[in-house]
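Coordinate analysis (summary)
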Amino acid sequence: METSRSEYSNGIPSRKLIPKPNEPSAKEPELQTVESRNWLLHRHFTRKEFGICKILIQEELERTRGKHEYANYIQGLILRQEGKIQESLDCFQMCHSLDLKNVDYIKQVARSLFLMGLHSLALEAYLEAQQASKVPDWDIYHNLGECWICLGDYTKAKESLRQAVQLGHHEHSYVALADTYKMEGEIQAAIDIYKAALEITFRAAPDSAQLATSLGLLYLQEGKYQHALEKLGGALARDPQCARALLAAGAMMQNHSDYDVALSKYKIAAQSWPESPALWNNVGMCFYGKKKYVAALSCLKRAHYLSALDWDILFNLGLVHMATQQYASAFHFLSAATNLRPAHAGTFLLLAITLRHLDDPDNAAEAFKQAGLLSPMDASIPLNYAVFLESQGDLDGAALQLERFQELAQMSPRLSSELVQTATQLSKVLNRRLMSSNGSKVEGVDGNDKSNMAIEVEAQVRVRNPPVDSSPESLPRNHMADDEV
Amino acid sequence: MDPVFSALSLYKKRKFEECVTTCTELLDKNPFDQAVWVLKMRALTEQLYVDDLEAEEEGIAEAFMDNETIAESARPGTSLKNPGTSQGGSTQGYRPWTQTGRPVSGVVRPGTQTARPGTMEQALRTPRTSKTARPSTSQSARTIRLGTASMLSEPGGPFIQLSRINLGNYASKPALAKPLFLYILYHENSIRHALQLAVLATQACEFKDWWWKVQLGKCYFALGLMREAEQQFRSALRQHQCIETFLRLGRVYIRLDQPLSALDVCRTGLEYFPKETTLLTEIARIFEGLNNMTMSVKYYREIVTEDSTNVEAIACIGMHHFYTDQPEMALRFYRRLLQMGLYNAELFNNLGLCCFYAQQYDMTLSCFQHALSLAKDDDVADIWYNIGLIAIGVGDTRLAGQCLRLAISADSTHAPAYNNLGVLELRRGRVNEASAFFQAAASLAPYLFEPYFNHSSLSHKMGDLQASYIVIQKALEAYPNHVPSQELLRALEKHFTFI
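Residues numbered from 1 in each chain as written. Chains lettered and ligands numbered in written order. Predicted model: local features only at pLDDT ≥ 70, side-chain atom pairs only at ≥ 80, totals over all residues. Heavy atoms only, no water.

In the annotation of an unreviewed UniProt entry, chain B is listed under the name Tetratricopeptide repeat protein 8 and assigned to Megalurothrips usitatus.

Which entries qualify depends on this criterion: UniProt positions are given in the numbering used here, feature names are shortened, and annotations may be inferred rather than shown by experiment.
Chain A has the name Bardet-Biedl syndrome 4 protein homolog in an unreviewed UniProt entry, where Megalurothrips usitatus is given as its organism. Chain A has a UniProt comment under Sequence similarities (unreviewed entry) that states "Belongs to the BBS4 family."

As structure tokens, then:
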């Protein structure tokens, strides 16, 4: 207490005891260069030791009063990986203000803007970066392309991405470019891009199983099954667990009625992806192909449970129920499918046939007409309609529809033999019945059974890279609030 | 008639109130009649006696101030805390999980709600049903309610003044001590005094009476002294094997989060009492808590062969069948429950769902109508939600939307309904509304992965990568094995880690 009193008088510190500011110390101050610990930062960052990294950065920033370029840069990168984009943007802007000429910083700022979804601002920033950079940089072009895609200007996007591809040969650019073509519907161009990408990245890229799968899927879309199979096989050779490729390969096997091989593929895929509705759908249709209807139904139902809003699955469920002659159930599934997707002719055709079996000829006729409207070029619809009309006794209508079928059949050369057979049988029956105009029921019913099968091919396989929305989850809440005695 | 005899007869007829008044009159005449005194005590106890084995519920305080935990992160399949880690269990994709972070169970019982949630906030939010709150104190809700009996003012002061009574005197007289103990425990609900008496009594009989040891264990258990309780129960079991003791010892291990030891105890119990349904039920419940549904159902099946009217077992088996793609089988079990005379909204709800998935469409809607007419406030939301699912199943999205909105109006915290509304809005192309619904669902129910995933994939599509990246990580926290989430995260990481 004594000392304190001598030091302070009336609360004012006595003058001579104030430490003099900036008293020159005996030793020369050690001037650390700003970059002296950059190597350490870099090392920790590359080892993903972000905790230590952050402490170091804090020290560096305090020492340099926030003017440390590299520390700011690394902090920005770390913050970005943690998902704090706004804060990382601040760091990069600090870097940029410290060194206006550095293109990297502009690029990072632009990237932050892009990640925040501010595409037009990002685009401007990238354009600025492009001007600042002396050599053409594939990264800038690539990102410009991405920005244009997000802004919806595909031609400019393609232009930028093409340049990126030429400069960098980078996988991401190829994928983005191919995606652009796909979005514009130019499948062939997309295939070419993928081919080029595969040739270039064949040795280096470990991720090329994905590329090969994408290419395979494109071939599949184009209907070039041989090429598709080749590519998918290649993808599987590199990554035997790749679920997408397995699913696609299985679907192709399924298309060729090679159900056992397809099932073996699906079995592997199911291990890595047990909750995929597409997978269970395809497995179900495999069983359907093998005529194991109960197994097919339970697989399809599981698929339906996992993705309740998917009309494919409902359609297939309807088909299998028809095969087991449970027409009421089939009707329910098919009507649900038409509700979810009203513009599919095949569903209406199936619906019509079910209605016919449920003894509702009026609605069946309506459904046939609707199917015909939706898909006027499908030959199987008039044929089925003709068979239906014939069984109803409307011979003139049947003849008209049969005529229509024959017109369409001439236009499409690759028609399944089953359809043609049914048609010839039907025409015979019609002729006979028109001859004996008594109209007594002749034994011409045999055409009917087959006609159901005519549209199966449509139903079989949809290689679906699963839709993004997770289905509304079926969460049956079973609360049994019971007393336990 | 001799008034003592008539009081005894009233006691046997379980007319406790009248018995108590008769005893009071008798005691007024002769305060030192021990027989009448004991009779009155037993009548008072009997009025309030409950099966406290089923009443036990873990409060928030115990879940958090838990100093008995052995390992912070237990090995897979050895802890009730994280049921998701066990092998061969059902996943969230098939069987939905409840707010407490475990798969839905066939019956609501105290144990199913004991969640040991991750954070305090989540624990406070977790309701027991949709309306009542979870008990937040160390003793179970029912025990607290018991205590109120002692707070009722009785004419002429309390029957026994615990603070004045000389416990040592009574401890040496077994005929008096046991009723007195039960009176103190159940009527007065004073565990401290009960414990004192039990300690004195067990000393007086030279530690030879197993009954006192069980009671001591009960007291220790209620006070949260698990290790002491364990000792007492074990020592009691050495002297005498009794079903109740096995069950209580099992409960101690469950509280200590050592389900495997609890299973061992129950199995030993089964050696003495083969096919005993209470022990089998306990085992089945523990397996369910460990998310090992196949084993759980196996034990429930054993129960049903022994006791074909066991509601819990039938309901749990039915539930298991429903979530393993066998709605027809589930339907049979639930129908059995209906035949047994159960008649409530939950049952009709489940019947309706089973009918729908088993394609008995004509029954579905009438079941749900019954359910709605029987439903109490907290069930209505769930039933509307399920009707919404049926509407989605028949492709009527407008009806589905209306049902889901009704569900929300009945219970504004119904997260799955918000999620499904979001999906429906997304189908109609209304992105902003969908996103808002997903966010609402996610904030209400952090244990569901669907809203997170939907929100994230939507943001990804819209180009808001930052939001997508943050949200998808939460989805993976809720359900680490969700493959689409993993793929989305991988795609996003390319953007975020690429320099």
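1. Regarding the overall build of chain B
Where we set the bar: Secondary structure elements are taken from DSSP: a helix is a run of H or I of four residues or more, a strand is a run of E of two residues or more, and numbering for both begins at the N terminus. Burial here depends on accessible area, computed with a 1.4 Å probe over protein chains only, as a share of the maximum for the residue type. Under 20% is buried, over 50% is exposed, and the range in between is partly exposed. We call two residues contacting when some pair of their heavy atoms lies within 4.5 Å. Computed with a 1.4 Å probe, the accessible areas rest on the Shrake-Rupley method; for each residue, only the protein chains presented here act as cover.
In terms of regular secondary structure, chain B is built from 27 helices and zero strands. Across the 499 residues of chain B, 54% fall into the buried class. Sequence-distant contacts, at least 24 apart, represent 55% of the contacts inside chain B between residues at least 6 apart. Accessible area for chain B stands at about 22,500 Å²; split by element, carbon and sulfur atoms hold 53% of it.

2. Some points on the interface of chain B and chain A
Selection rule: Salt bridge, as used here: a side-chain nitrogen of Lys or Arg that lies within 4 Å of a carboxyl oxygen of Asp or Glu. Whenever a nitrogen or oxygen atom comes within 3.5 Å of another N or O atom, the pair is scored as a polar contact, on the condition that within protein one atom can donate a hydrogen and the other can accept it, and that pairs from neighbouring residues in sequence are kept only if both atoms are in side chains. Three classes are used: nonpolar for Ala, Val, Leu, Ile, Met, Phe, Trp, Tyr, Cys and Pro, charged for Asp, Glu, Lys and Arg, and polar for all others, with Gly counted as polar.
With 71 residues of chain B in contact, the opposing surface of chain A contributes 59 residues. On the surface where chain B and chain A come into contact, there are two salt bridges. Taking the shortest distance from any N to any O, the salt bridge between lysine 301 of chain A and glutamate 328 of chain B comes out at 3.9 Å. Between the two partners, chain B and chain A, sit eleven residue pairs in polar contact (both at pLDDT 80 or more). Per-class residue counts for the side of chain B that touches chain A are 36 nonpolar, 21 polar and 14 charged.

3. Structural notes on the UniProt feature "repeat: TPR" (unreviewed entry) in chain A
Residues and elements named next belong to chain A. Look at the UniProt record and you will see "repeat: TPR" (unreviewed entry) annotated at residues 138-171, 209-242 and 311-344. Here residues 138-171 is 88% helix and 0% strand, with 12 Å between the C-alpha atoms at its ends. Taken end to end, residues 209-242 has its terminal C-alpha atoms 8 Å apart, with 82% of it in helix and 0% in strand.

4. So, the confidence of the model for chain A
Residue and element names in this part refer to chain A. Just so we agree on the cut-off: Every residue is assigned a pLDDT by the predictor, reflecting its confidence on a scale from 0 to 100.
Taken as a whole, chain A shows an average pLDDT of 76; of its residues, 81% reach a score of 70 or greater. Within chain A, the lowest mean pLDDT, 31, falls on helix α26 (residues 456-459), and the highest, 90, falls on helix α19 (residues 327-340). Counting interchain partners and residues more than four positions distant, the pLDDT-below-50 stretch residues 1-9 has six contacts.

5. A word on the UniProt feature "repeat: TPR" (unreviewed entry) in chain B
Sequence positions flagged by UniProt for "repeat: TPR" (unreviewed entry) are, in local numbering, residues 345-378 and 415-448 of chain B. In the segment residues 345-378 of chain B, helix accounts for 85% and strand for 0%; the C-alpha atoms at its two ends are 11 Å apart.

6. Some thoughts on the confidence of the model for chain B
All names here are of chain B. Overall, the predicted model of chain B reaches an average pLDDT of 82, with 82% of residues at or above 70. In the model of chain B, helix α7 (residues 141-151) stands out as the element of lowest mean pLDDT, 49, in contrast to helix α14 (residues 259-272), which has the highest, 93. In the predicted structure, residues 113-118 sits below a pLDDT of 50 and forms 22 contacts with residues beyond four places in sequence or in another chain. Across residues 144-148, where pLDDT falls below 50, the model places seven contacts with residues more than four positions away in sequence or in other chains. In the predicted complex, the global pTM is 0.80; the interface-specific ipTM is 0.79.

7. Re helix α21 (residues 361-374) of chain A
As a reminder, the rule being used: Multiplying one less than the number of residues by 1.5 Å gives the expected span of a helix.
Between its first and last C-alpha atoms α21 of chain A spans 20 Å; for 14 residues at 1.5 Å apiece the expected length is 20 Å, and the two agree. For α21 of chain A, the secondary structure elements touched by its buried residues are α20 (345-357) and α22 (380-392) of chain A.

8. Re helix α21 (residues 377-393) of chain B
Residue and element names in this part refer to chain B. Taking 1.5 Å of rise per residue, 17 residues should cover 24 Å, and α21 covers 26 Å from first to last C-alpha, within 8% of that figure. Here α21 lies mainly inside the structure; 14 of its 17 residues are buried. Positive backbone phi, approximately 80 degrees, marks glycine 395, located one or two places after α21.

9. Some words on the environment of valine 38 of chain B
Residues and elements named next belong to chain B. By the secondary structure assignment, valine 38 is in helix α3 (residues 34-48). A sequence separation of 137 residues divides valine 38 from alanine 175, and the C-alpha atoms of the two residues are 8.8 Å apart. The contacts of valine 38, once residues within four sequence positions are left out, are Leu176 and Pro179.

10. A word on the side chain of threonine 64 of chain A
All names here are of chain A. As for its placement among the helices and strands, threonine 64 is situated in the loop between α3 (50-63) and α4 (69-81). On the accessibility criterion, threonine 64 (14% relative accessible area) is buried. There is a polar contact of 3.4 Å between the side chain of threonine 64 and the backbone nitrogen of histidine 68.

11. Some details on unusual backbone geometry
One non-glycine residue, arginine 65 of chain A, lies in positive phi territory at about 50 degrees. Secondary-structure assignment places arginine 65 of chain A in the loop between α3 and α4. Positive phi, close to 60 degrees, is recorded for arginine 14 of chain B, a residue that is not glycine. One can find arginine 14 of chain B in the loop between α1 (3-12) and α2 (16-29). Arginine 14 of chain B gets classed as exposed once you look at its relative accessible area, which sits at 54%.

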